[in-house]
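Summary of the model geometry
Listed here are the chains, written in short residue letters.
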Amino acid sequence: MSVEAQDRVTVTRAVKTVVIAESRLSIDPDAVSGDEPLNGELLRVNSFGFVGMLVRLEDDLGVTLPDDLFVGRTFTTVDDLVSVVLDAVEAAR
Amino acid sequence: MTEQLLSSARAALHAAPPVGDPAYRRYCGALAEHLTSSWPLVLKANEEDVAAARRRGLPPVLVERLRLTEDHLDGLLRLIDAVTAELGPATTPAPPVPIGDWGALRKVPKPLGVVFMVYEARPTVTVEGALIPVVAGNSVLLRGGKEMAATDEALATAVHGALVSAGLPAGLVTVIEDPDRSVFRALLRRPDAVDVLIPRGSPALIDFCRSAGSIPVIASGGGVNHLYVHGSADLARAAAIALDSKLAEPSACNTLELVLVDEHVADDFVAEVVRTGADVTLKLGGGLKAEPGGGVRIAELASHDLGREFLEPTIGVLPVPDVDAAVEHVRRYGSAHTEGVVSADDAAIERFTRGVDAAAVVVNGSLRLHDGPTLGLGSEISISTGRLHVRGPVTVSALLTHTWVVEARGALRAERGN
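Residues numbered from 1 in each chain as written. Chains lettered and ligands numbered in written order. Predicted model: local features only at pLDDT ≥ 70, side-chain atom pairs only at ≥ 80, totals over all residues. Heavy atoms only, no water.

Side note on a nonpolar patch on the surface
A cluster of nonpolar side chains, B:L369, B:L375 and B:L377, forms an exposed patch at the surface whose accessible area comes to about 270 Å². Relative to the assigned elements, B:L375 resides in the loop between β13 (360-363) and β14 (383-384). (Patch = residues over 30% accessible without salt bridge, like charges linked within 9 Å, V, L, I, M, F, W, Y side chains within 5 Å. Areas by Shrake-Rupley, 256 points an atom, 1.4 Å probe, with all protein chains shown as cover. Salt bridge = Lys/Arg side-chain N within 4 Å of Asp/Glu carboxyl O. Helix = DSSP H or I, 4+ residues; strand = E, 2+ residues; numbered from the N terminus.)

Quick look at empty space enclosed by the protein
Rolling a probe over the atoms, with the probe sized like a water molecule, indicates the empty space that remains. Considering all chains together, one arrives at 2 cavities of 30 Å³ or more under this definition. Its volume calculated, the second largest cavity comes out at about 30 Å³. Grouping the constituent residues of the lining of the second largest cavity by class yields 3 nonpolar, 2 polar and 3 charged. (1 Å grid on protein atoms, 1.4 Å probe; cavity = no way out; pocket = protein on both sides within 12 Å on 5 of 7 lines; lining within 4 Å. Points joined across faces, edges and corners; volume = space filled by probe spheres on them. Nonpolar A, V, L, I, M, F, W, Y, C, P; charged D, E, K, R; others polar.)

Observations concerning the confidence of the model for chain B
When pLDDT is averaged along chain B, the result is 94, and 100% of the positions lie at 70 or above. Predicted complex metrics record ipTM = 0.76 and pTM = 0.88. (pLDDT = per-residue confidence, 0-100.)

So, the side chain of B:T338
Residues and elements named next belong to chain B. Along the chain, T338 turns up in strand β12 (residues 338-342). Judged by relative accessible area, which is 0%, T338 ranks as buried. Within the local environment of T338, its side chain forms a polar contact with the side chain of H337, the two groups lying 2.6 Å apart. In this structure, T338 is in contact with N225, H226, N254, A358, A360, V362, L367 and H370, ignoring residues within four places of it in sequence. (Buried < 20%, exposed > 50% of the residue type's maximum accessible area, 1.4 Å probe, protein only. Polar contact = N/O pair within 3.5 Å; in protein donor to acceptor, adjacent residues only side chain to side chain. Contact = heavy atoms within 4.5 Å.)

A look at the interface of chain A and chain B
Across the boundary between the two partners, chain A contributes 29 residues, which contact 28 residues of chain B. Overall, the association of chain A and chain B removes approximately 2600 Å² of surface from exposure, summing both partners, and the carbon and sulfur fraction of that is 51%. Summed over the shared surface of chain A and chain B, the number is 6 salt bridges. Between A:R56 and B:D207 there is a salt bridge, with the nearest N and O atoms lying 3.9 Å from each other. Scanning the region where chain A abuts chain B turns up 10 residue pairs in polar contact (both at pLDDT 80 or more). Those elements giving two or more residues to the side of chain A that touches chain B turn out to be α1 (3-22) and α2 (50-61) of chain A. (Buried area = accessible area lost by both parts, 1.4 Å probe.)

Describing a negative patch on the surface
On the surface, B:E47, B:E48, B:E153 and B:E177 cluster together into a negatively charged patch. The topology assignment puts B:E48 in helix α2 (residues 22-56). (Lys, Arg positive; Asp, Glu negative; His and termini not counted. Charge placed at Lys NZ, Arg CZ, Asp CG, Glu CD.)

Comments concerning the environment of B:A408
Residues and elements named next belong to chain B. Summarising the element assignment, A408 is placed in the segment after β16 (400-407). For A408, a relative accessible area of 26% puts it in the partly exposed group. Measuring from C-alpha to C-alpha, the distance between A408 and G103 comes to 4.7 Å, with 305 residues separating the pair along the chain.

Quick look at the sheet that holds strand β5 (residues 173-175) of chain B
Residue and element names in this part refer to chain B. Judged by pairing direction, the sheet is parallel, and its 4 strands sit side by side in the order β5-β4-β3-β6 without closing on themselves. Looking at which strands have only one partner, the edges of the open sheet turn out to be β5 and β6 (196-200). Strand-to-strand twist in this sheet, taken as the mean axis angle between neighbours without regard to direction, amounts to 15 degrees. Here 3 bridges tie strand β4 (residues 139-143) to β5, and the two strands are oriented parallel to one another. (Pairing = 2+ DSSP bridges. Axes fitted to C-alpha atoms, helices over the stretch in contact; angles between N-to-C directions.)

Considering the nonpolar core
The biggest cluster of nonpolar side chains holds 67 residues, and the ones touching the most others in it are B:Y27, B:L31, B:L35, B:W39, B:L131, B:V135 and B:V173. For this core, the element with the most residues is α2(B), which contributes 14 residues. Not counting chain neighbours up to four residues away, the residues in contact with B:L131 comprise B:Y27, B:C28, B:L31, B:L79, B:I80 and B:V83. Membership of the second largest hydrophobic core comes to 31 residues, among which are A:A14, A:V45, A:L65 and A:V85. (Core = buried A, V, L, I, M, F, W, Y, C linked by side-chain atoms within 4.5 Å.)

As for the pattern of salt bridges
This structure, assessed with the given rule, holds 23 salt bridges over all chains. Residues B:E64 and B:R67 are paired through a salt bridge, measuring 3.1 Å at the closest nitrogen-oxygen approach. By relative accessible area, which is 26% here, B:R67 ends up partly exposed. One salt bridge in this structure joins B:E257 and B:K246, with 3.1 Å as the shortest N-O distance. Here the residue B:E257 occupies a position in strand β8 (residues 256-262), and B:K246 occupies one in the loop between α9 (235-244) and β8, the gap between them amounting to 11 residues. The pair B:E257 / B:K246 is uniform in exposure class, with both members buried. A single salt-bridge network, built from bridges that share partners, covers A:E41, B:K283, B:D305 and B:R308.

So, the pairing of strand β7 (residues 225-229) of chain B
Residues in a regular strand project their side chains so that they alternate between the two faces of the sheet. Residues and elements named next belong to chain B. Burial analysis of β7 places 5 of its 5 residues in the buried class, which makes it a mostly covered element. In β7, alternate side chains face the same way, and those of N225, L227 and V229 on one face and H226 and Y228 on the other are all buried. Handedness of the β-α-β unit built from β7, α9 and β8 comes out right-handed. The pairing of β7 with β12 spans 4 bridges and is parallel. Residue pairing across strands places H226 opposite E339, the latter belonging to β12. (Right-handed = clockwise from strand over helix to strand, strands pointing away.)

Looking at helix α4 (residues 70-91) of chain B
All names here are of chain B. For α4, built from 22 residues, the straight-helix expectation of 32 Å at 1.5 Å per residue is met to within 8% by its first-to-last C-alpha distance of 31 Å. At A85, α4 shows its largest kink, close to 30 degrees, and the proline P89 lies no more than four residues downstream. Taken residue by residue, α4 has L73, L76, L79, I80, V83, T84, L87, G88 and T91 as its buried positions. Packing partners of the buried residues in α4 comprise α2, β2 (103-111), α5 (124-131) and β16. (Expected span 1.5 Å × (residues − 1). Bend = angle between axes of the 7 residues up to and from the residue.)

Thoughts on the packing of aromatic side chains
Residues and elements named next belong to chain B. Tallied over the full model, the rule gives 3 aromatic pairs over all chains. Considering the side-chain rings of F116 and F184, the 6.2 Å spacing of their centres and the 65 degrees angle between planes classify their relative orientation as edge-to-face. With F116 in strand β3 (residues 114-119) and F184 in helix α7 (residues 181-188), the pair connects residues that are 68 residues apart, well separated along the chain. Each member of the pair, F116 as well as F184, is classed as buried. An angle of 20 degrees between the planes, with centres 5.6 Å apart, marks the rings of Y228 and F352 as stacked. In this pair, Y228 is assigned in strand β7 and F352 in helix α12 (residues 346-355), connecting sequence segments 124 residues apart. Among the residues examined, Y228 registers a relative accessible area of 1% and is labelled buried. F352 sits in the buried class, given a relative accessible area of 0%. (Phe/Tyr/Trp six-rings, centres within 6.5 Å; stacked < 30°, edge-to-face > 60°.)

What follows is the structure, encoded as structure tokens:
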């Protein structure tokens, strides 16, 4: 597996774990698909949790993410969030 | 940076007068005066933050949460009044207790120490944090979001003015101006210098604070709260209790998520809720069916709904065979925050209250009664679901520890014969 693919797997798992926690759910990350809406029937992610989500992601991924990573963007699905975090992780390396 | 913050907070703690000193009451009065006189400046600074938040593209809901008004000042002044009234009872030492024929034991209240509060985008928490822990003699480090930096700076000026007017060290309250998360992380790694961590915010933030370091945490873990309706209950009253437990503040931590109802009365209970016509969604599980009515919407309860906070006017309803099944469900899915039982059967109530482990169990009443002022316990800074030191409303008295002062009058252990 390439480094990029490995990064995507790691980031996807970290993002799913954090949105599950933020949605007050107790389910396996594998049960969340990439096209799952961030604010829908299953997940309930809103902007109040951005600071907590950032520090959790930084800790899980071992990188420093920009303060404004989630600001001024529109996220609809889990994959949208994964893409932004993945770009930031690659930029941080 | 971190070292300086910690050393000045500790120095202020040591310089502060003992718990119960009149200076803390003076501080309450001075804080009310300074907040009132500086409120126009606070609002001006808040306008800057709100404008900056809009420019940065923060969602409208977050911008609104950031905004302060005159109403917020009124609320803070009421809080200060309440805390002033609670201060005496909360901080007065208990009378000495004789120890045999040789001495006396005094339990003397002491502050917890240096308290680190971290919270997200709600400027009134800055004042709550500068009030409730401080009147118990604690030194606080307050870390709000960078979105409220200008507001916090204006509030810090008012707070420091009040501390100095009251004769207290200004360093008792430090508003951390550096928004860099590395400062936050560095503080979490200092259990030698920070005595207590109080996070207020999202589940991700609280989980992070709980797992990132070894500083004792006082935190609410969110409320996955249940109401068990026993077969003996007055079902109309049970419906009213369920709705009162939810509708006034659907995203509060003490709100209701799931009703566990004895299966032989489940249909009737649902019918009672529908009859109210309240503006609520009922998510029905276990094969329950109902038609919507008035504002009551009907949906299906999914398996992932068990153990979740809906954060909206939605209540799940799940039939259970008996009280033991209800207890079992709460043990599996509850968050040890607030649980309730509605029943006319004392044995069922006793079985539920003994079997369920939570910060509060409400018998025949709304879950939203679990609130420090409502219970007469005092103003609270949060509701703790922790197992040690404090559980339930975190009031002034919960932000104290104590020293046992042993008045030994020259006694020797060797003379005691043990």
